[in-house]
Amino acid sequence: MGLYLILGQILLQNLLIAMMADTYSEIRDNSDEEWKFSRYLLVHEYKTANLIPPPLNLIELIFNVFQYLFSLLHGEEPPPAPIPDDEDFVKAMSELRAAFVDEEKKNDQKKVENQVHKLGEQLESLIQDRSEDNEHLVGIRDMTIKALEKLKTLVPDPAPPAQ
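How each quantity is defined
Residues numbered from 1 in each chain as written. Predicted model: local features only at pLDDT ≥ 70, side-chain atom pairs only at ≥ 80, totals over all residues. Heavy atoms only, no water. Helix = DSSP H or I, 4+ residues; strand = E, 2+ residues; numbered from the N terminus. Polar contact = N/O pair within 3.5 Å; in protein donor to acceptor, adjacent residues only side chain to side chain. Contact = heavy atoms within 4.5 Å. Salt bridge = Lys/Arg side-chain N within 4 Å of Asp/Glu carboxyl O. Buried < 20%, exposed > 50% of the residue type's maximum accessible area, 1.4 Å probe, protein only. Patch = residues over 30% accessible without salt bridge, like charges linked within 9 Å, V, L, I, M, F, W, Y side chains within 5 Å. Areas by Shrake-Rupley, 256 points an atom, 1.4 Å probe, with all protein chains shown as cover. Lys, Arg positive; Asp, Glu negative; His and termini not counted. Charge placed at Lys NZ, Arg CZ, Asp CG, Glu CD.

**What about the side chain of Ser71?**
Then step 1. Note on placement: Ser71 falls in helix α2 (residues 57-73).
Then step 2. Engagement of the side chain of Ser71 in a polar contact is seen with the backbone oxygen of Tyr68, the distance being 2.7 Å.

**Quick notes on the side chain of Glu26**
Then step 1. The residue Glu26 is located in helix α1 (residues 2-48) in this model.
Then step 2. Apart from the residues within four sequence positions on either side, Glu26 is in contact with Asp108 and Lys111.

**Some words on the pattern of salt bridges**
Then step 1. Inspection of every chain in the model, using the stated rule, returns four salt bridges.
Then step 2. A salt bridge links Glu34 to Arg97, with the nearest nitrogen and oxygen atoms 3.1 Å apart. Of the two residues, Glu34 is situated in helix α1 and Arg97 in helix α3 (residues 82-154); the sequence distance between them amounts to 63 residues.
Then step 3. By relative accessible area, which is 26% here, Glu34 ends up partly exposed.
Then step 4. For Asp142, the salt bridge is made with Arg141, and the minimal N-O distance between the two is 3.6 Å.
Then step 5. Classification of Asp142 as partly exposed rests on a relative accessible area of 33%.

**Brief notes about a negative patch on the surface**
Then step 1. On the surface, Asp129, Glu132, Asp133 and Glu135 cluster together into a patch of negative charge.
Then step 2. Mapping Asp129 onto the fold places it in helix α3.
Then step 3. By relative accessible area, which is 38% here, Asp129 ends up partly exposed.

Listed below in structure tokens is the structure:
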């Protein structure tokens, strides 16, 4: 029984080490893609950000309002604001990233389920082997008992010592 517990402990510890190594390798493989995606979003944010610092950006806002009113008074179409397009772009990219992360989580969950299933099969095989070994040992014990009984019938009992 103690040997079985020790083997189970070693098996579970090796499984934990293997799962941690697998997770580390997957993170390392995806790290480059994640870095590139984050860098792209950062560059895009700085590209579309307002260049004027916050106290002075009111001047730009007032200028844009006057430009908009001037274009309306002259019957021209006002220039489109680029900010909503950028927000839509960032939102779409965030949705794509979220979908990618969800898909990766599902794939990881399937991998874990497969590993657990394989481990279950290995444990079942180990238990079956252990029960077969026990049956074999019981068979050997029974054969030994029968052989001893035959020997007892063949060899006479020693006479009790005379006094």
